[in-house]
Amino acid sequence: MKKKRRKLLPLGVKKRTTTELPALIALEAIGQPWFCEAHLTDLMVVSMVCQVAAEPGSEVHNTALALFDLLGKEPLDAKQIEPLLMEANDWMQRQPNGKIQDAIDRLLATPAAAGQAISPDEDGSAAS
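Each chain has its residues counted from 1, following the order in which its sequence is written. Residue-level local features of this predicted model are given only where pLDDT is at least 70; pairs of side-chain atoms are given and counted only at 80 or more, and the full residue set underlies all totals for whole chains, interfaces and linings. Where side-chain values are given, they derive from all heavy atoms of the structure, hydrogens and water being excluded.

Asker: Requested: an account of the overall build of the protein, with residues and values cited.
Answerer: Helix and strand definitions follow DSSP, with helices as H or I runs of at least four residues and strands as E runs of at least two, each counted in order from the N terminus. Of regular secondary structure, the protein possesses six helices and zero strands. Put simply, the protein runs from its N terminus to its C terminus through helices and strands in the order α-α-α-α-α-α. Counting across all 128 residues of the protein, residues that qualify as buried make up 35%. The contact rule is simple, with two residues in contact once any of their heavy atoms fall within 4.5 Å. Restricting the contact set of the protein to residue pairs at least 6 apart, pairs at least 24 apart contribute 64%. Using the Shrake-Rupley algorithm and a 1.4 Å probe, accessible areas are obtained, with residue cover drawn only from the displayed protein chains. Accessible surface for the protein amounts to roughly 8,200 Å². Of this, 56% is attributable to carbon and sulfur atoms. Buried, partly exposed and exposed residues are distinguished by accessible area as a fraction of the type maximum, computed with a 1.4 Å probe on protein chains only: under 20%, between the cut-offs, and over 50%, respectively.

Next up, the structure:
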């Protein structure tokens, strides 16, 4: 069986339409009648990827944890969520593509994607 090759963009270059735009649209949808679970998921993805990719205890890791916490509370408060989301999105845009893809792959391979904050590996690192 032939191994699937991933096409990566040059380091630090992201397709904002796939990494940033869905979360920004979801942020705008908060409080609107058309807000749905898919919007919440788009916001949670940013938090979860940052939790896995960032160093535990780092500023962005703590920001991602705070964002995830806010996303679990009703009603959602866009004014509280926005600065955390923007910080996390900005951090992700500056990371190497491989680091972010590895975090996504880890999320897809673990049961933690069922809606809980991500714990670091037993050795204390959040990303391999």
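Asker: Account for the nonpolar core, with residues named and values stated.
Answerer: Among the nonpolar cores identified, the biggest contains 30 residues, and Leu-43, Cys-50, Leu-71, Ile-81, Leu-85, Trp-91 and Met-92 are the most heavily contacted of them. Of all the elements in the fold, those that place two or more residues in this core are helix H2 (21-29), helix H3 (37-53), helix H4 (59-71), helix H5 (78-93) and helix H6 (97-109). Ranked by the residues each element gives to this core, the list is headed by H3, at nine residues. Setting aside residues no more than four positions away along its own chain, Leu-85 makes contact with Ala-23, Leu-24, Leu-27, Leu-43, Val-46 and Leu-67. Here, nonpolar core means buried Ala, Val, Leu, Ile, Met, Phe, Trp, Tyr and Cys residues that are tied together by side-chain atoms lying within 4.5 Å of each other.

Asker: How would you sum up H4? Please name residues and give values.
Answerer: Multiplying 1.5 Å by the helix residue count minus one yields the expected span of that helix. Its 13 residues place the ends of H4 18 Å apart at the C-alpha level, agreeing with the 18 Å of an ideal helix rising 1.5 Å per residue. Every buried residue belonging to H4 is among Val-60, His-61, Thr-63, Ala-64, Leu-67, Phe-68, Leu-70 and Leu-71, and all of these are buried. Looking at the packing, one finds that the buried side of H4 touches H3 and H5.

Asker: Mind laying out the packing of H4 against H5, listing which residues take part and the relevant values?
Answerer: Helix-helix packing: each pair is described by the crossing angle between the helix axes and the interaxial distance. Angles run from 0 to 180 degrees between N-to-C directions of axes, and those axes are lines fitted to C-alpha atoms, restricted for helices to the stretch in contact. The N-to-C vectors of H4 and H5 enclose an angle of 140°; their axes lie 9 Å apart at closest approach. Taken together, the axis directions place H4 and H5 in an arrangement best described as oblique. For the crossing formed where H4 meets H5, the hand is left-handed. Between H4 and H5, the contacting residues are Glu-59, Val-60, Thr-63, Ala-66, Leu-67, Leu-70 and Leu-71 on the first element and Gln-80, Ile-81, Leu-84, Leu-85, Glu-87, Ala-88 and Trp-91 on the second. Here the contact of H4 with H5 is built from residues that sort into ten nonpolar, two polar and two charged. Working definition: roughly parallel below 35 degrees, roughly antiparallel above 145 degrees, roughly perpendicular at 65 to 115 degrees, and oblique for all remaining angles. Should the near helix be turned counterclockwise from the far one by less than a right angle, the crossing is left-handed, whereas a clockwise turn marks it as right-handed. Any residue outside Ala, Val, Leu, Ile, Met, Phe, Trp, Tyr, Cys, Pro, Asp, Glu, Lys and Arg is labelled polar, Gly included; the first ten of those are nonpolar and the last four are charged.

Asker: Give me the pattern of salt bridges: which residues, what numbers.
Answerer: The rule for a salt bridge is simple: a side-chain nitrogen of Lys or Arg has to be within 4 Å of a carboxyl oxygen of Asp or Glu. Taken as a whole and assessed by the stated rule, the structure comprises two salt bridges. Salt-bridge contacts for Asp-69 lead to Lys-73; the nearest nitrogen and oxygen are separated by 3.1 Å. The class of Lys-73 is partly exposed, set by a relative accessible area of 42%.

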